[in-house]
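Per-entry structural report
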Amino acid sequence: MSRKLGVLISGRGSNLKAIIDAIARGDLAASIAIVISNRADAPGLEHAAKAGIETLVLSHKNYRTREEYDHALVGELKQRGVELVCLAGFMRLLSPVFVDAFPNRILNIHPSLLPDYPGLHPQQQALDAGATVSGATVHIVNAELDAGPIVLQRQVPVMPGDTAGTLAARILEIEHQLYPEAITKLLTSA
Ligand code: GRF
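Tallied over the entire structure, the rule returns 9 salt bridges. With its nearest N and O atoms 2.8 Å apart, the salt bridge here joins E54 to R80. Here E54, found in the loop between helix 2 (45-50) and strand 3 (55-57), pairs with R80, found in the loop between helix 3 (66-79) and strand 4 (84-87); they are 26 residues apart in sequence, far enough to count as distant. Residue classification places R80 among the buried residues on the basis of a relative accessible area of 18%. Through salt bridges with shared partners, a single ionic network connects E54, E76 and R80.

Running from N to C, helix 1 (residues 14-25) and helix 6 (residues 164-189) cross one another at 50 degrees; their axes reach a closest spacing of 9 Å. As summarised for this structure, helix 1 and helix 6 are arranged oblique, according to the angle between their axes. Both helix 1 and helix 6 take part in a crossing whose hand is right-handed. Within the contact between the two elements, helix 1 uses S14, N15, A18, I19 and A22 and helix 6 uses L172, E175, H176, Y179, P180 and I183.

Before going further, it helps to spend a moment on the packing of aromatic side chains. Applying the stated criterion to the full structure yields 2 aromatic pairs. The interplanar angle of 40 degrees and the centroid separation of 5.9 Å between the aromatic rings of F98 and F102 together place this pair among those described as tilted. Assessed through its relative accessible area of 0%, F98 is described here as buried. The ring of F102 is capped by K78, whose NZ or CZ atom sits 4.2 Å from the centre of that ring.

Turning to its location among the elements, V7 is positioned in strand 1 (residues 3-9). In this structure V7 comes out as buried when scored by relative accessible area, which is 0%. In the structure, V7 is positioned 161 residues away from A168 in sequence and 21 Å away in space, judged by C-alpha atoms. Every residue in contact with V7, bar those within four places of it in the chain, is listed here: L16, I32, I34, V35, I36, C86 and A88.

Scoring rules and cut-offs
Residues numbered from 1 in each chain as written. Predicted model: local features only at pLDDT ≥ 70, side-chain atom pairs only at ≥ 80, totals over all residues. Heavy atoms only, no water. Salt bridge = Lys/Arg side-chain N within 4 Å of Asp/Glu carboxyl O. Helix = DSSP H or I, 4+ residues; strand = E, 2+ residues; numbered from the N terminus. Buried < 20%, exposed > 50% of the residue type's maximum accessible area, 1.4 Å probe, protein only. Axes fitted to C-alpha atoms, helices over the stretch in contact; angles between N-to-C directions. Parallel < 35°, antiparallel > 145°, perpendicular 65-115°, else oblique. Left-handed = near helix turned anticlockwise from the far one by under 90°. Contact = heavy atoms within 4.5 Å. Phe/Tyr/Trp six-rings, centres within 6.5 Å; stacked < 30°, edge-to-face > 60°. Lys NZ or Arg CZ within 6 Å of the ring centre and 35° of its normal.

In short, shape yes, function no, at least from these values alone.
Following this line, the structure appears as structure tokens:
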């Protein structure tokens, strides 16, 4: 039986696309049961629609508290039998309501070599620190921001003259390889 993923996005969705493509190529033995965005205008929703994957917009603005919103997200994911939740540019902090509903079964991708440069603008943080190497990390999500156990990490060089934009583009290429590999690693280790 195919392992069911739920992918959460807020924007562009290029990592979602990389996961869709890896499944289509046969490199990732899983299926995406649903893609949920907290924003109706997330361009990434198109990638899901084109691949015939169910999409759902669940706006956090319609909920009074973070916990109520997370409860609704969990309900939608569980209803579809989702086993592993993949955050792919989902710009929301998760409460314990969410984290405890999928223990060790939520992944996030972050464009730095964690624990370096957690939080916002990690590429700019790397440049500001004078780093010569940065990269991407896929980690398990726990209650602390960008701090859960690391599943996979890969490096890229920081080049002289890099801007946050050029570094982000170099890291993104690595992200697209790393995320499907990390999902496979987690699913096959269970
Ligand atoms: C990626 O850089 C990811 O590491 C970070 O947000 C960005 C999302 O990009 N968490 P995309 O929406 O997958 O294109």
